[in-house]
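Each chain is listed here by its residues.
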Amino acid sequence: MTIPDSGSMMDNESLCLPCTPEEEARIVKELTEKDESCLKEGNFYYVLSTRWFKKWQKYVGKEIGEYEMEDVSIDKQSSTLTKAGERPGPIDNTDIVKNEEGRDGGDLQLHRTLTEQVDYVLVPQLVWEKLHGWYKGGPGLPRQMISLGIQKTLSVEVYPLALKLMDSRDKSETIIHISKKASLKKLYEHVSTLKRVDLEKIRLWDYFNDCKQTVLAKSNQTLEESNLQMDQSIFLDLQPDGFVSSRSNMDSTGNQLALVSMEPPRSSRTIAGGPSLSNGYGLDYGSSLYQGSTFGSVSTDMEDARDSVRSAPQRDRGLAGLQNLGNTCFMNSALQCLVHTPPFVDYFLQDYSDEINKQNPLGMHGELAVAFGELLRKLWSSGRTAVAPRAFKGKLARFAPQFSGYNQHDSQELLAFLLDGLHEDLNRVKQKPYIETKDYDGRPDEEVASEFWRYHKARNDSIVVDVCQGQYKSTLVCPVCSKISITFDPFMYLSLPLPSTTTRSMTITVFCADGSSLPMPFTVNVSKYGYYKDLFQALGTACCLESDETLIIAEVYEHKIYRYLDNGESLPSIKDDECIVAYRLSKKHAELPMLEICHRYLENVKLGERKRFLTPLVTYLEDAINGTSIDLAVARVLGPLKRKTFSSSNKSEGIKVNGSVLEESTSDCQMDTAISDEFGGKDSEEAELSFRLCLTDDRGMNCKPISKDSVIKPSKIVKVILDWTDKEHESYDASYLKDLPMVHKPGLTVKKTKQESISLFSCLDAFLKEEPLGPEDMWYCPGCKEHRQATKKLDLWKLPDIIVFHLKRFSYSRFLKNKLDTFVNFPIHNLDLSKYVKSKDPSGGSSVYELYAISNHYGGLGGGHYSAYAKLVEEDRWYHFDDAHVTPVSEGDIRTSAAYLLFYQRVNTSKPMGESSGVHEDF
């Protein structure tokens, strides 16, 4: 990687003149947009510490492009942040740099556990040059954009490949950093320069696991294509004089290395059945030792070949671990579950070459299926010797670059990709027919379901469909015209919400806008990831909202209404420490202009300082908007707070508003001098109103006193401030407007025990319950000819032989990222799903299942660790697969709060769980 000369760049930047915060924000935004318009491989980006970048964002008061920080974007103190921070000091990246001994920026490496947007941001080179010119500091951390996979996905290589160079001459070790997209030829040149050795004399070995695997050819093949891994070793020795390197496929003894075929061997019998394979290699050499391929052969890892040289003892088959190649525990966990799926073991240990679909445009030309099949065979023939899945990881990176690199990923996302990819690579349908589905039109469910399944099988037919795909019924109902749409869709796994953690309790205080009753707090349970509509419905039910009434829901911040919630509001945007109120009124009154009332009191008499307090109120204005109508509206909404009086004479003169008697004042309002001054000393004129009121603008500023005859400009919302004096405190009980409760007050959280756990059935119930679609998932109703927020109901119709349950423990949103450690109590034996299956077709098979594998996740978001439990059905015994380590585990210990993916197999099929497979015995 060629890095710009940072020294000359600094000299030029020192000439940059200071800019205003607004100018800096504008310049950075324009440069960022310019870069986004011309993304290409080779562009340079610089890593910036989020800690420093946040300070800069607060200083300029802007979020630039995609660099959005949560604690900045939700700041309520101002709509912009121009005054939120002081000018930051020099750029400081020291908190993300691991070492600083290098002279060049390319030698500086980052801590391995960093997360983009959390620990660092990436800025284009031109943005870095501007920021460095303004602030200096550093160090500069340039990184290059590379393309990944066959789809050429662009990504910034934040972590270049780190290789440990072992020098055979002096036994020294040197760490070199180089792009994984660099060629082997570039690697040779880099080592030649570093070690000051003639390029022609150098010979480099792939030294994975500190053992000579193969000579690295001096070619244009990339390091990624050569399956070199992060932090692995390469071995340097010198070629003897006159030696010509033609041994790229020779091992250290000079023997030719076995080549991995891109196609499984053909044989009249299974791989376990005959004395020799069709390619001429004897069975003793293992399943992976054969040559010839329509794809072209590639050399294997020697450690993989050695794993397969000798057949493993019968008792140890299926007990091989997988080496961790750098945060690949997520991959190892999912793979162990799949390679211990009995139908897959039977299938991939046989000759499946006839089913490889190389022409499927949705597949991976059969390469993923072959790579998975080869890996499965190695794992079932290696005994207890751990296998390094380097070749498989290379294929995965090529076809799914989202899983490349060395970051932790989600085992469920990988499982979904693998199942879909294996299906397309093994799809028996070579030419998919075009099929136009028919509408439901009130036909019997059995007829429609059978039709949909025939259509699906006409286009999709593979081992994955045979054993992993089921069918569910989806019912959509239009809320306007009641149009019903029913479809029957396939599924490969079921993602189940955890009901105890998919809901949240929210405390909302409800005020009556017509002054008919006192405010009352209500606590409701709503979907944690629901919308305004869900909160409105739950709150309406709790407060017994009538059909002709509605609610106006708002957030209160610093004793004023910060915002009104609208239909598109997502509930995760409402934090637990916020205060939410609702104003109840009739629908006809909701069409009238609204009056928003905030409260103030005199904090300092001498200085005339007033301070907001209490909860703002909202009511409506029926008559012409003037001082009198506003005064009456304030009296009406304060009615429930009126203190009881024992003066019968005053009560007879009261004003009755919605059943509440309000006392009329018979004396002038005695106000503090400071308050009177604000009203210009016109006490005689203002005394005609019951309250001291000021009209404000939308920001609550520019207070203008309101008199009886004040004419107010018509507006949907009129905002006023009520100044409380001793008179108001004596007449009204303000305690009802104090201490507004938070949405949720955190208390002591008690860790769930198995006795307090939720069941797998309750998760399934939550998945299948009827619920409204979100505003972003609106359904186009063929009856209304418009998009509607329909209700959706799922039902299981056809169950597969293998069913996978995904427990949704991870939640991501703009405002919330969380890992749920709730213990889910799931059955190991006799999981009966018959009550959930709506189809009555007896040919559907048994609805009883047995657990055979679990993918576990331990720890929190952005890291943690994956492992797997898998059952060897022939032994009827469970094992713990923790990367390369495999240990027995008792059945009573496999149920934990780390369970993430649950794998079940149908019992009472043609080959029940526990019945020995002939393929296994022969193999």
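What counts and how
Residues numbered from 1 in each chain as written. Predicted model: local features only at pLDDT ≥ 70, side-chain atom pairs only at ≥ 80, totals over all residues. Heavy atoms only, no water. Helix = DSSP H or I, 4+ residues; strand = E, 2+ residues; numbered from the N terminus. Buried < 20%, exposed > 50% of the residue type's maximum accessible area, 1.4 Å probe, protein only. Contact = heavy atoms within 4.5 Å. Areas by Shrake-Rupley, 256 points an atom, 1.4 Å probe, with all protein chains shown as cover. Pairing = 2+ DSSP bridges. Axes fitted to C-alpha atoms, helices over the stretch in contact; angles between N-to-C directions. Phe/Tyr/Trp six-rings, centres within 6.5 Å; stacked < 30°, edge-to-face > 60°. Lys NZ or Arg CZ within 6 Å of the ring centre and 35° of its normal. Expected span 1.5 Å × (residues − 1). Polar contact = N/O pair within 3.5 Å; in protein donor to acceptor, adjacent residues only side chain to side chain. Salt bridge = Lys/Arg side-chain N within 4 Å of Asp/Glu carboxyl O. Disulfide = S-S within 2.5 Å.

A. How the structure looks around the overall build of the chain. Looking only at helices and strands, the chain has 24 helices and 43 strands in total. When each of the 923 residues of the chain is scored for burial, the buried share is 51%. Looking at the chain alone, contacts between residues at least 24 apart form 71% of all its contacts between residues at least 6 apart. For the chain, the accessible surface area stands at approximately 42,900 Å², while carbon and sulfur atoms represent 49% of it.

B. Main features of the sheet that holds strand 6 (residues 153–156). Pairing within the open sheet is antiparallel, and its four strands lie in the order 3-1-5-6. The sheet terminates laterally at strand 3 (120–124) and strand 6, the two strands that pair on one side only. Across the sheet, the mean angle separating the axes of adjacent strands is 35 degrees when strand polarity is ignored. In this structure, strand 1 (residues 44–49) lies alongside strand 3, joined through five bridges in antiparallel fashion. Note on strand 3: the bridge partner recorded for Val47 is Leu122. Together, strand 1 and strand 3 form the strand contacts of helix 3 (residues 50–60), whose direction differs from that of strand 1 by roughly 85 degrees.

C. A look at the packing of aromatic side chains. Counting across every chain of the model gives 24 aromatic pairs. For the pair Tyr557 and Tyr562, a centre-to-centre distance of 6.1 Å together with 65 degrees between the ring planes defines the contact as edge-to-face. Judged by relative accessible area, which is 37%, Tyr562 ranks as partly exposed. Taking 5.8 Å as the distance between ring centres and 75 degrees as the angle between the ring planes, the aromatic pair formed by Phe805 and Tyr904 counts as edge-to-face. In this pair, Phe805 is assigned in strand 34 (residues 802–807) and Tyr904 in strand 43 (residues 899–906), connecting sequence segments 99 residues apart. On the accessibility criterion, Phe805 (1% relative accessible area) is buried. Aromatic rings pair up to connect Phe344, Tyr347, Phe348, Tyr352 and Phe372 into one cluster. Note that Arg636 overlies the ring of Tyr620, its terminal NZ or CZ placed 4.1 Å from the centroid.

D. Broad picture of helix 12 (residues 411–425). Taking 1.5 Å of rise per residue, the 15 residues of helix 12 would be expected to cover 21 Å, and the 21 Å separating its terminal C-alpha atoms lies within 8% of that figure. With 13 of 15 residues buried, helix 12 is to be regarded as a mostly interior element. Capping of helix 12 at its N-terminal end is provided by Asp410; its side-chain oxygen lies 2.8 Å from the backbone amide nitrogen of Gln412.

E. Representation of the pattern of salt bridges within the structure. Taken as a whole and judged by the stated rule, the model has 35 salt bridges. Arg443 is the salt-bridge partner of Glu447, the closest N and O atoms lying 3.3 Å from each other. Here Arg443 falls in the buried class, since its relative accessible area comes to 16%. A salt bridge links Lys473 to Asp445; the nearest nitrogen and oxygen atoms lie 2.7 Å apart. Taken together, the residues span a long stretch of sequence, with Lys473 in strand 14 (residues 470–477) and Asp445 in helix 13 (residues 445–459) at a distance of 28 residues. Overall, the relative accessible area of 13% leaves Lys473 in the buried class. If you follow the salt bridges from partner to partner, you end up with Glu355, Arg428, Lys457, Asp461 and Asp466 in one network.

F. How the structure looks around the environment of Phe488. Here Phe488 is to be found in strand 15 (residues 484–491). By relative accessible area, Phe488 is classed as buried at 2%. Residues Phe488 and His456, 32 residues apart in the sequence, show an inter-C-alpha distance of 10.0 Å.

G. Spotlight on unusual backbone geometry. With an omega dihedral of -5 degrees, the bond running from Gly138 to Pro139 counts as a cis peptide bond. Within the fold, Pro139 resides in the loop between strand 4 (137–138) and strand 5 (142–148). If you check the backbone angles, Lys171 has positive phi at about 60 degrees while not being a glycine. Structurally, the position occupied by Lys171 is in the loop between strand 7 (161–167) and strand 8 (173–178). In this structure, Asn209 is a non-glycine residue whose phi angle is positive, near 60 degrees. Residue position: Asn209 is located in the loop between strand 9 (202–206) and strand 10 (214–215). Judged by its relative accessible area of 42%, Asn209 is partly exposed.

H. Spatial organisation of the state of the cysteines. Following the criterion strictly, the structure yields zero disulfides and no others. Among the cysteines around Cys781, which has no disulfide bond, Cys481 carries the closest sulfur, lying 3.5 Å off. You can see Cys784 has no disulfide; the closest cysteine sulfur is in Cys481, sitting 3.5 Å from it.

I. Highlighting the sheet that holds strand 33 (residues 791–798). Strand order in the open sheet made by the four strands is 15-14-33-30, with antiparallel pairing throughout. Of all strands in the sheet, those with a lone pairing partner are strand 15 and strand 30 (771–772), marking the two edges. Contacts from helix 13 reach strand 14, strand 15 and strand 33, with the element oriented near 45 degrees to strand 15.

J. Quick peek at the environment of Arg87. Structurally, Arg87 can be placed in the loop between helix 4 (70–73) and strand 2 (91–92). Within the structure, the side chain of Arg87 is placed 3.1 Å from the side chain of Glu24, a separation counted as a polar contact. Of the polar contacts made by the side chain of Arg87, one reaches the side chain of Tyr135; its length is 3.5 Å.

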